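Listed below are the residues making up each chain.
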Amino acid sequence: MKLVFDKADLVKSVGIAMKAVSGKTTMPILECILIDASSNVIKFTSNDMELGIETIVTGMILERGIVALDAKIFSEIVRKLPDNQVTIETDENLVTTITCEKAKFNIPGQSGEDFSYLPILETSDCVSISQFTLKELIRQTIFSIAANENNKLMTGELFEIKDNTLRVVSLDGHRIAIRKIELKDSYPDRKVVVPGKTLNEISKILSGEMDDQIDIYFSENHIMFKFDDTMVVSRLIDGEYFRIDQMLSSDYETKVTINKKEFLSCIDRATLLVKEGDKKPIIIDIQDGAMELQINSAMGSMKEEIDINKEGKDIMIGFNPKFLIDALRVIDDEEISIYLVNPKAPCFIRNEEESYIYLILPVNFNSVR
């Protein structure tokens, strides 16, 4: 095999493929990137058995061939080469020579025969959205997935399609994030749980351009994302997702309309007095026309008042400030509406159309005042 690339194209494609290289595995082949130039295109493939990526690379094929290279070493070499043309060639023992200007590396390669190729999905059923939209949907919900594996379903996001609506849901036991968008066409109903890791990695590769499309395909156990010259296939998380609609309520005793930026800045300031990992709540006291925020910690205390529009009853309620900050940061509206029932019931931040809903459970602050 003998291939020639521009360094920039090579770096970009290796970066994409690296996102599905297995970190800890008993199968050394999964720590490799497969370079496949056995046809008229060059493909890089990586697969950790949960997530697989195949990307087409711009380059010249002087001699066809196929080889699997240790991804970490290959990636480091490519990144540190001079900015010029890079030649990659293999001999009959799969020893691979990487040459650029006066730099020359020899590294051992492996046969591609043992490599786990990506599963082939039936690709008739496909949903198309813009890369910008998917990137935004992920950004606006991914912070609410659970970090630990105690409940596997909480480490993923629900993608639910009904007619011409896509709803994305994440939750971690303390909060729920929901985003809803209208699709251009109607599709068969679907409900799948996509691993958070997959969505995080895809988000890093997406261009985020409104004009760039991404096609999403579903099968019983997998989801596939196709965009630009890249295909990402991921296993789905098994199991019945939580019954979200039972947790959502339109009842409220208090409705607050507030300037989002002001509210966010105020909570941000309050957290200056909270150490990392310290679970100090922010206490919110809502009365006619004003909301007072206060926080008390070993480092000091703070009080601040913000103007609001209020409908309904006065209320005093406590929250984990991080949960409020996470939700507010991904809402683009200038003014937001917060719906509250009582100090022990969840609060909802949502807009009229319910294209976003953020539910946050309060914390008991009587013991910490």
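Sequence positions are assigned chain by chain, starting from 1 and proceeding in written order. Thresholds applied to this predicted model are a pLDDT of at least 70 for local features of residues and 80 or more for the giving and counting of side-chain atom pairs; totals over whole chains, interfaces and linings are not thresholded and use all residues. The basis for every side-chain value is the complete set of non-hydrogen atoms in the structure, without hydrogens or water.

Draft legend 1. Representation of the pairing of strand β22 (residues 335-340). A 1.4 Å probe rolled over the protein chains alone gives each residue an accessible area, and that area as a share of the maximum for its type sets the label: buried under 20%, exposed over 50%, partly exposed in between. Helical segments are the DSSP runs of H or I of at least four residues, strand segments are the runs of E of at least two, and each set is numbered from the N terminus. Burial analysis of β22 places 5 of its 6 residues in the buried class, which makes it a mostly covered element. Relative to β22, strand β16 (residues 254-259) runs antiparallel, the two sharing 6 bridges. Each residue of the ladder has a partner; that of Lys255, found in β22, is Tyr339. Taking the residues that link successive antiparallel strands as the turn, the β22-strand β23 (residues 347-350) hairpin has 6 residues. If DSSP finds at least two bridges between two strands, the strands pair.

Draft legend 2. Spotlight on the sheet that holds strand β2 (residues 32-37). Spatial ordering of the open sheet is given by β6-β2-β3-β4-β15-β14-β13-β10, a layout of 8 strands whose pairing is antiparallel. Of all the strands in the sheet, the pair left with one neighbour each is β6 (65-70) and β10 (126-130). Between one strand axis and the next, the sheet turns by 15° as a mean value, whatever way the strands run. Throughout, a residue-residue contact means that at least one pair of heavy atoms, one from each residue, lies within 4.5 Å. An axis is simply a line fitted to the C-alpha atoms; with a helix, the fit covers only the stretch in contact. Between two such axes, the angle follows the N-to-C directions and lies from 0 to 180 degrees. Sitting on the sheet, helix α2 (residues 71-80) is in contact with β2, β3 (42-47) and β6, with an inclination near 95° to β6. Sitting on the sheet, helix α3 (residues 131-139) is in contact with β10, β13 (213-218) and β14 (222-227), with an inclination near 90° to β10.

Draft legend 3. The arrangement of the side chain of Ser234 in detail. Note on placement: Ser234 falls in strand β15 (residues 230-235). A 3.5 Å cut-off defines polar contacts: any pair of N or O atoms within that distance qualifies, except that in protein one atom must be a possible hydrogen donor and the other a possible acceptor, and neighbouring residues in sequence count only when both atoms are side-chain atoms. Polar contacts involving the side chain of Ser234 include one to the side chain of Thr198, which spans 2.8 Å. Excluding residues within four positions of it along the chain, Ser234 makes contact with Glu50, Leu51, Pro195, Thr198, Asn221, His222 and Ile223.

Draft legend 4. View of the environment of Met210. Structurally, the position occupied by Met210 is in the loop between α4 (196-205) and β13. Separated by 104 residues in sequence, Met210 and Asp314 place their C-alpha atoms 43 Å apart. Once residues within four sequence positions are removed from consideration, Met210 is found in contact with Ser130, Phe132 and Thr133.

Draft legend 5. Focus on the packing of aromatic side chains. Two rings belonging to Phe, Tyr or Trp (six-membered ring only in the last case) form a pair when the distance between their centres is within 6.5 Å. Interplanar angles under 30 degrees mark stacking, angles over 60 mark edge-to-face geometry, and anything in between is tilted. Per the stated rule, a full pass over the model turns up 7 aromatic pairs. Aromatic side chains Tyr356 and Tyr358 sit 6.0 Å apart centroid to centroid with 35° between the ring planes, which places their arrangement in the tilted category. Definition used: whenever NZ (Lys) or CZ (Arg) falls within 6 Å of the ring centre and also within 35 degrees of the ring normal, the charge is taken to sit over that ring. Its guanidinium or amino end placed over the ring of Phe348, Arg350 lies 5.5 Å from that ring's centre, counting from NZ or CZ.

Draft legend 6. Seen up close, α4. When you tally the buried positions in α4, you get 7 out of 10 residues, the bulk of the element. If you check which residues of α4 are buried, you get Gly196, Thr198, Leu199, Glu201, Ile202, Ser203 and Ile205.

Draft legend 7. Spatial organisation of the sheet that holds strand β11 (residues 156-171). The 7 strands are arranged β11-β12-β24-β23-β22-β16-β20 in an open sheet whose pairing can be described as antiparallel. Bordering the open sheet on either side are β11 and β20 (309-312), each of which pairs with just one other strand. Pairwise comparison of adjacent strand axes, ignoring direction, gives a mean angle of 20° for this sheet. Sheet topology places β16 next to β20; 4 bridges connect them, and they run antiparallel. If you follow Val256 over to β20, its bridge partner there is Lys310. Contacts from helix α6 (residues 260-270) reach β16 and β22 within the one sheet, and its direction differs from that of β16 by about 90°. In this fold helix α7 (residues 321-329) packs onto β12 (175-195), β22, β23 and β24 (356-360), with an angle of close to 175° to the strand it touches most, β24.

Draft legend 8. Spatial organisation of the packing of α6 against α7. The contact between α6 and α7 brings their axes to 10 Å, and the two run at 145°. Our pair here, α6 against α7, has a crossing hand that is left-handed. Residues Lys260, Phe263, Leu264, Ile267 and Asp268 of α6 form the contact with α7, whose own contacting residues are Pro321, Leu324, Ile325, Leu328 and Arg329. Crossing handedness is read from the near helix: turned anticlockwise from the far helix by less than a right angle, it gives a left-handed crossing, and turned clockwise, a right-handed one.

Draft legend 9. Representation of the pattern of salt bridges within the structure. In the sections that follow, a salt bridge refers to a side-chain nitrogen of Lys or Arg positioned within 4 Å of a carboxyl oxygen of Asp or Glu. This structure, assessed with the given rule, holds 20 salt bridges. A salt bridge links Arg175 to Asp326; the nearest nitrogen and oxygen atoms lie 2.8 Å apart. With a gap of 151 residues between them, Arg175 in strand β12 and Asp326 in helix α7 connect regions that are remote in the sequence. As far as burial versus exposure is concerned, Arg175 and Asp326 are alike and both buried. Bridged by salt links that share partners, the residues Glu160, Arg167, Lys191 and Asp245 form one connected network.

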